[in-house]
Amino acid sequence: MKRYFLMAPALLVVIGMYLGILFLLVRATLLIDAMPHGAWHALARFGELFLGIALLLSGTVVATRLGVWLFQPPSEANQ
């Protein structure tokens, strides 16, 4: 029963986490677009791509684990 009260805050945490990730990636994109084109620009683009993949995958893992923890029925050993 306690877990039902945690659903709304967990949803807000997941939404906040994804909004934070997206704002970070947009900020990185704007900074990279302001750079002069060249080797450093290409390297920064690759880093931005790697950062985006890493952040979005880790956010998905955290949100999935939180959802499994909230919605998994309690086992007999925990009661």
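Residues numbered from 1 in each chain as written. Predicted model: local features only at pLDDT ≥ 70, side-chain atom pairs only at ≥ 80, totals over all residues. Heavy atoms only, no water.

Novice: Can you break down the overall build of the chain residue by residue, with the values?
Specialist: In terms of regular secondary structure, the chain is built from two helices and zero strands. A compact globule built from 79 residues should have a C-alpha radius of gyration of about 12 Å, whereas the chain, at 18 Å, is more than 25% larger. Going through the 79 residues of the chain one by one, you find that 14% of them count as buried. Restricting the contact set of the chain to residue pairs at least 6 apart, pairs at least 24 apart contribute 68%. (Helix = DSSP H or I, 4+ residues; strand = E, 2+ residues; numbered from the N terminus. Rg over C-alpha atoms; globule rule 2.2 N^0.38 Å. Buried < 20%, exposed > 50% of the residue type's maximum accessible area, 1.4 Å probe, protein only. Contact = heavy atoms within 4.5 Å.)

Novice: Can you explain the pattern of salt bridges? Please cite residues and give values.
Specialist: Scanning the model with the defined rule gives two salt bridges in all. When the shortest N-O distance is used, the salt bridge between arginine 45 and aspartate 33 registers 2.2 Å. With a gap of 12 residues between them, arginine 45 in helix α2 (residues 39-71) and aspartate 33 in helix α1 (residues 2-33) connect regions that are remote in the sequence. Because the salt bridges share partners, they merge into one network encompassing Asp33, Arg45 and Glu48. (Salt bridge = Lys/Arg side-chain N within 4 Å of Asp/Glu carboxyl O.)

Novice: Give me the side chain of histidine 41: which residues, what numbers.
Specialist: As for its position among the elements, histidine 41 is in helix α2. Separated by 3.2 Å, the side chain of histidine 41 and the backbone oxygen of isoleucine 32 make a polar contact. Residues within four places of histidine 41 in sequence aside, it is in contact with Ile32, Asp33, Met35 and Pro36. (Polar contact = N/O pair within 3.5 Å; in protein donor to acceptor, adjacent residues only side chain to side chain.)

Novice: Could you give an account of the packing of α1 against α2, with specific residues and numbers?
Specialist: Relative to each other, α1 and α2 sit at 180 degrees, their axes nearing to 10 Å. The orientation of α1 with respect to α2, classified from their angle, is roughly antiparallel. Looking at the contact of α1 with α2, its residues break down into 21 nonpolar, five polar and four charged. (Axes fitted to C-alpha atoms, helices over the stretch in contact; angles between N-to-C directions. Parallel < 35°, antiparallel > 145°, perpendicular 65-115°, else oblique. Nonpolar A, V, L, I, M, F, W, Y, C, P; charged D, E, K, R; others polar.)

Novice: Which residues make up the side chain of glutamate 48, and what values go with them?
Specialist: Here glutamate 48 shows up in helix α2. A distance of 2.8 Å separates polar atoms of two side chains, one belonging to glutamate 48 and the other to arginine 45. Excluding residues that lie within four positions of it along the chain, glutamate 48 makes contacts with Leu25, Ala28, Thr29 and Ile32.

Novice: Could you give an account of α2, naming the residues involved and the relevant values?
Specialist: For α2, spanning 33 residues, the distance from its first C-alpha to its last is 48 Å, which sits close to the expected 48 Å at 1.5 Å a residue. By the burial criterion, the buried members of α2 are His41, Glu48, Gly52, Gly59 and Leu70. Where α2 is buried, its residues contact α1. (Expected span 1.5 Å × (residues − 1).)

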